[in-house]
Amino acid sequence: MPDMSASVSLAMTHLVPLAKEVDENKVTPGVLGFIVFAVMALAVWGLMKSMSRQLRRVDFEETPDPEAATASETASAKPGAGQS
């Protein structure tokens, strides 16, 4: 595999002169940039609304694990268990 820094430096030597030709004062995002941003904002809003709806449906109360309950009972039944 060729050295990546060499290909990056070669690409930069070709792209830098192109970037200098563009007038920085005339470059604006324009209407297309606004439309893309607005669509992305609406998509994020919709995803957050859907996520909050799904989280409201979740039942956070867990049923106790029978194996964990028996393990804690046997640990508490031993003398001196849980004491330092």
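1. Here's the deal with the overall build of the protein chain
Next, step 1: Across its full length, the protein chain holds 3 helices and 0 strands.
Next, step 2: Start at the N end of the protein chain and walk to the C end: the helices and strands fall as α-α-α.
Next, step 3: For the protein chain, the proportion of its 84 residues judged to be buried stands at 0%.
Next, step 4: As displayed, the protein chain offers around 8,200 Å² of accessible surface, 67% of which is attributable to carbon and sulfur atoms.

2. Considerations on a nonpolar patch on the surface
Next, step 1: Residues Val31, Phe34, Ile35 and Val39 make up a contiguous nonpolar surface patch of about 420 Å² in total accessible area.
Next, step 2: Looking at where Ile35 falls in the secondary structure, it is placed in helix H2 (residues 30–57).
Next, step 3: Residue class for Ile35 comes out partly exposed when judged on its relative accessible area of 44%.

The rules behind these values
Residues numbered from 1 in each chain as written. Predicted model: local features only at pLDDT ≥ 70, side-chain atom pairs only at ≥ 80, totals over all residues. Heavy atoms only, no water. Helix = DSSP H or I, 4+ residues; strand = E, 2+ residues; numbered from the N terminus. Buried < 20%, exposed > 50% of the residue type's maximum accessible area, 1.4 Å probe, protein only. Areas by Shrake-Rupley, 256 points an atom, 1.4 Å probe, with all protein chains shown as cover. Patch = residues over 30% accessible without salt bridge, like charges linked within 9 Å, V, L, I, M, F, W, Y side chains within 5 Å. Salt bridge = Lys/Arg side-chain N within 4 Å of Asp/Glu carboxyl O.

Read these as layout, nothing more, since geometry by itself doesn't imply function.
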